[in-house]
Amino acid sequence: MYAALQLNAQTTSSWLGAGKPVDPYHYTQVKHDFFKNAAVSCAHPLASMIGAQMMKQGGNAFDAGIAVQLALAVVYPAAGNIGGGGFLIAKKANNKFLAIDYREVAPGKATQNMYLDKDGNAQLDLSQNGRLASGVPGTIAGLFATLPSAKLNFKTLIQPAIELASKGYVITEREANSLNSNQKAFIKNNNFAPAFVKTQTWKAGDTLIQPELANTLIRIRDQGAKGFYEGETAKLIVDEMRKGNGIISLEDLKNYKAKFRDPLSFNYNGYTIYGFPPPSSGGILLLQMMKMVENSKEIKKGFQTPESTQIMIEAERRAYADRAEHLGDPDFWKVPLKGLSSNSYLVNRMSNFTPGKASKSVDIGAGTIKESEQTTHISIYDKEGNMVSITTTLNGGYGAKTVVQGAGFLLNNEMDDFSVKPGVANMFGAVGGEANAIQAGKRMLSSMCPVVVTKNGKPAIVVGTPGGTTIPTSVYQALINVFEFGMNTDNAINQPKFHHQHLPDEVFIEPSFPEALKSSLISMGYKLTNRASIGKTEMIQIHKDKIEVAADRRGDDSVAGF
Ligand code: GLY
């Protein structure tokens, strides 16, 4: 049992991983591996190893999913969280599907125009930073909604996170740089010095200790979800709200509920893909983009040809145009899912596609994409045959950049995923209207796209990624790389990506995008915009005799298994 294990600070721990020690002071990344029984891929090596360990000691993929999310809340503070929300989609070994929605909701005092000044101008600093940016967190409710599918006891699953928070772990170079570049924001958005603030600069190998977070995790261990949504932690959240302009109340916290949804499924070339329905746009965007290119002669031209790339971009443009208009929380807005996914509608959408010539997006409300999308994905497969795909988020990197004093966790800035004002772009450049307007108790539209795939009813693929509005395009390209271009798991997720989201009318490309392909697209009339990396995809492919797992090479992501 983890509870009995001793962590010896600054030296090695006594944690036993899946065949090797889990040592929070010395660990390495594994990007691509093959296992016989079970596998995990996520944003941090320690969290992956903890997930594998849980499965090795008798847990299943749901146990691993809970333990990995809690560990990421400690070792990957930019996106791992207990103050945010997420979506879990799973195919169980008994062939039942599960889709848990633990997306944040707008607080009871939220109003449609809460981020507009007296002249009606959107004040995006308020929807993106500080206490008012936060929706009511859903993650802990999501973990407890997952627990009935798990096998181990919650105390076992949370113990590694408690130890990592109380005794610390060493940070990587990437994490040190990320913490350093956010120092000013942490100081501006808090009126105390949270664990992330340091007088000297952070460097790789420094130990990050989070005692207040450890105490919050202990309250959750001992009191369950009430250890977060009621009592001391809830009081600390509301006290934090009162220090500034925050509006989350004790009642909002007590009333938060995770919801069970019906997965959205479709077929592609003999595979069945299961994605998340609204309030995420992820599943329907993926469906639309994939069905718009399936069986086209262009996609058959092969990987990185001008023809296949162009048709994929045009499918992205059209799907994202629908997102802005039609998608929102289905409990508040009638989302025309059937129409948006019908074959005749999608054929019609592509009827004005002209090979060799860029289409033009409707020209209102264009925004710019910032490069701070931070969300995190976990793919897991276990020896019983459970596939679990989880994407969870604080929204931007380190969310609202505000830590709940005394509780040690970051608030999300998910309110920015609502349409703050029709036509005004959010931090991802996404625009929206009535469907995604702010209302008390409503879930803000997401792009998160956790996916599981079957072939002939058998487990085939678990995949997902962070990346704000680029999430569905990353998953789309990873799946097309497997289904159409025959790539292995590692290659499928690490190819240079391109992203078009209708507005702005530009194709965002990663630095390694090939020069010849750039020239071809420019000659067709596309505006290409260079940007930093897009997403960090974690994929598992289940082959007949082995499990292949890969972690994105763009980050500290790492796989584990046995
Ligand atoms: N906050 C990113 C998303 O939900 O799409």
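Relevant structure appears above.
These remarks concern the structure in this document.

Thresholds applied
Residues numbered from 1 in each chain as written. Predicted model: local features only at pLDDT ≥ 70, side-chain atom pairs only at ≥ 80, totals over all residues. Heavy atoms only, no water. Helix = DSSP H or I, 4+ residues; strand = E, 2+ residues; numbered from the N terminus. Rg over C-alpha atoms; globule rule 2.2 N^0.38 Å. Buried < 20%, exposed > 50% of the residue type's maximum accessible area, 1.4 Å probe, protein only. Contact = heavy atoms within 4.5 Å. Areas by Shrake-Rupley, 256 points an atom, 1.4 Å probe, with all protein chains shown as cover. Lys, Arg positive; Asp, Glu negative; His and termini not counted. Charge placed at Lys NZ, Arg CZ, Asp CG, Glu CD. Near = heavy atom within 4 Å. Polar contact = N/O pair within 3.5 Å; in protein donor to acceptor, adjacent residues only side chain to side chain. Salt bridge = Lys/Arg side-chain N within 4 Å of Asp/Glu carboxyl O. Pairing = 2+ DSSP bridges. Axes fitted to C-alpha atoms, helices over the stretch in contact; angles between N-to-C directions. Core = buried A, V, L, I, M, F, W, Y, C linked by side-chain atoms within 4.5 Å. Parallel < 35°, antiparallel > 145°, perpendicular 65-115°, else oblique. Left-handed = near helix turned anticlockwise from the far one by under 90°. Nonpolar A, V, L, I, M, F, W, Y, C, P; charged D, E, K, R; others polar. Expected span 1.5 Å × (residues − 1). Phe/Tyr/Trp six-rings, centres within 6.5 Å; stacked < 30°, edge-to-face > 60°. Lys NZ or Arg CZ within 6 Å of the ring centre and 35° of its normal.

## Focus on the overall build of the protein chain
So, point 1. For the protein chain, the count of helices and strands is 18 helices and 19 strands.
So, point 2. Its C-alpha atoms give the protein chain a radius of gyration of 22 Å, within 12% of the compact-globule value 24 Å for 562 residues.
So, point 3. Taking all 562 residues of the protein chain together, the buried fraction comes to 65%.
So, point 4. Long-range contacts, defined as pairs at least 24 residues apart, comprise 73% of the intrachain contacts of the protein chain with a sequence gap of at least 6.
So, point 5. Here the protein chain displays about 19,500 Å² of accessible surface, and carbon together with sulfur accounts for 51% of that area.
So, point 6. Charge-centre separation for the protein chain: the mean point of 58 positive side chains lies 3 Å from the mean point of 51 negative side chains.

## As for the site of the ligand
So, point 1. Taken together, Arg103, Thr375, Thr393, Asn395, Glu414, Asp417, Ser446, Ser447 and Met448 are the residues near the ligand.
So, point 2. Between the ligand and Asn395, the relevant distance is 2.6 Å, taken from a nitrogen atom to a side-chain nitrogen or oxygen of the residue.
So, point 3. Here the ligand has 200 Å² of accessible area as a free molecule, and 99% of this is covered by the chains.

## Structural notes on the side chain of Arg323
So, point 1. Its location among the elements puts Arg323 in helix α13 (residues 306–326).
So, point 2. Despite its burial, Arg323 pairs with no opposite charge, the nearest such side chain being Asp417 at 5.8 Å.
So, point 3. Only 3.0 Å separates the side chain of Arg323 from the side chain of Ser281, close enough to count as a polar contact.
So, point 4. For Arg323, the contacting residues outside a window of four places in its chain are Ser281, Leu285, Ala430, Leu445, Ser446, Ser447 and Thr469.

## Comments concerning the sheet that holds strand β14 (residues 498–499)
So, point 1. Judged by pairing direction, the sheet is mixed, and its three strands sit side by side in the order β14-β15-β16 without closing on themselves. The outermost strands of the open sheet, each flanked by one partner alone, are β14 and β16 (528–530).
So, point 2. As defined by bridge partners, β14 adjoins strand β15 (residues 507–509) across two bridges and the pair is classed as antiparallel. Directly across from Phe498, in β15, lies its bridge partner Ile509.

## Brief notes about the environment of Ala39
So, point 1. The topology assignment puts Ala39 in strand β2 (residues 39–42).
So, point 2. Accessibility expressed as a relative area gives 0% for Ala39, which makes it buried.

## Describing the sheet that holds strand β13 (residues 458–464)
So, point 1. Taken together, the seven strands give an open sheet; going across it, the order is β1-β18-β17-β13-β12-β9-β8, and neighbouring strands pair in antiparallel fashion. At either margin of the open sheet sits one strand with a lone partner, and together these are β1 (32–35) and β8 (264–268). Neighbouring strand axes in the sheet, compared pairwise and without regard to direction, differ in orientation by 20 degrees on average.
So, point 2. Two strands pair when backbone bridges link them, and strand β12 (residues 451–455) and β13 are joined in this way by five bridges, in the antiparallel orientation.

## Looking at the nonpolar core
So, point 1. Leu70, Leu72, Val74, Ile82, Leu88, Tyr169 and Leu217 are the most contacted members of the largest nonpolar core, which totals 91 residues.
So, point 2. Ranked by the residues each element gives to this core, the list is headed by helix α2 (residues 61–75), at 12 residues.
So, point 3. Apart from residues no more than four positions distant in its own chain, Ile82 is found in contact with Leu70, Ala73, Pro137, Thr139, Ile140, Leu213, Thr216, Leu217, Ile220, Phe228 and Phe409.
So, point 4. In terms of nonpolar packing, the next biggest core, distinct from the first, is built from 75 residues, Ile273, Met289, Ile311 and Val335 among them.

## What to know about the packing of α2 against helix α4 (residues 139–146)
So, point 1. Contact geometry of α2 with α4 gives a least axis separation of 10 Å together with a crossing angle of 160 degrees. Regarding the angle of α2 to α4, the classification is roughly antiparallel. For the element pair α2 and α4, the recorded crossing hand is left-handed. In contact with Phe62, Ile66, Gln69 and Leu70 of α2, α4 contributes Thr139, Ile140, Leu143 and Thr146.
So, point 2. Grouping the amino acids of the contact of α2 with α4 by side-chain chemistry returns five nonpolar, three polar and no charged.

## Some remarks on helix α12 (residues 282–293)
The periodicity of an α-helix, 3.6 residues per turn, causes residues three or four places apart in sequence to face the same way.
So, point 1. The end-to-end C-alpha distance of α12 is 17 Å, a good match for the 16 Å that 12 residues give at a rise of 1.5 Å each.
So, point 2. Among the residues making up α12, those that are buried are Gly282, Gly283, Ile284, Leu285, Leu286, Leu287, Gln288, Met289, Met290, Met292 and Val293.
So, point 3. Just downstream of α12, Asn295 is the residue with a positive phi angle, here 65 degrees.

## Quick look at the side chain of Thr309
So, point 1. Relative to the helices and strands, Thr309 resides in helix α13.
So, point 2. Once you skip the residues sitting within four places of it in the chain, Thr309 turns out to touch Gln304, Phe498, Phe513, Leu517 and Leu521.

## What to know about the environment of Gly138
So, point 1. Mapped onto the elements of the fold, Gly138 is located in the loop between α3 (124–128) and α4.
So, point 2. A C-alpha to C-alpha distance of 43 Å links Gly138 and Glu515, two positions 377 residues apart in sequence.
So, point 3. The residues contacting Gly138, other than those within four sequence positions of it, are Gly84, Gly85, Tyr102, Glu104, Tyr229 and Tyr256.

## Some details on the packing of aromatic side chains
So, point 1. For the structure on display, the rule yields 13 aromatic pairs.
So, point 2. The interplanar angle of 35 degrees and the centroid separation of 4.4 Å between the aromatic rings of Phe144 and Phe154 together place this pair among those described as tilted. Taken together, the residues span a long stretch of sequence, with Phe144 in helix α4 and Phe154 in helix α5 (residues 154–167) at a distance of 10 residues.
So, point 3. For Phe144, a relative accessible area of 23% corresponds to the partly exposed category.
So, point 4. Residue classification places Phe154 among the buried residues on the basis of a relative accessible area of 9%.
So, point 5. Summarising the aromatic geometry, the rings of Phe186 and Tyr398 are spaced 5.1 Å apart at their centres and angled 85 degrees between planes, so their arrangement reads as edge-to-face. Highlighted residues: Phe186 in helix α7 (residues 183–188) and Tyr398 in the loop between β11 (387–396) and β12, separated in sequence by 212 residues. For the pair shown, Phe186 and Tyr398 are each scored as buried.
So, point 6. Put simply, the rings of Phe228, Tyr229, Tyr256 and Phe409 pair up and form one aromatic cluster.
So, point 7. Sitting over the ring of Trp202, Lys198 keeps its end group 5.1 Å from the ring centre.
So, point 8. A cation over an aromatic ring shows up here: Lys455 above the ring of Tyr271, its NZ or CZ 4.6 Å from the ring centre.

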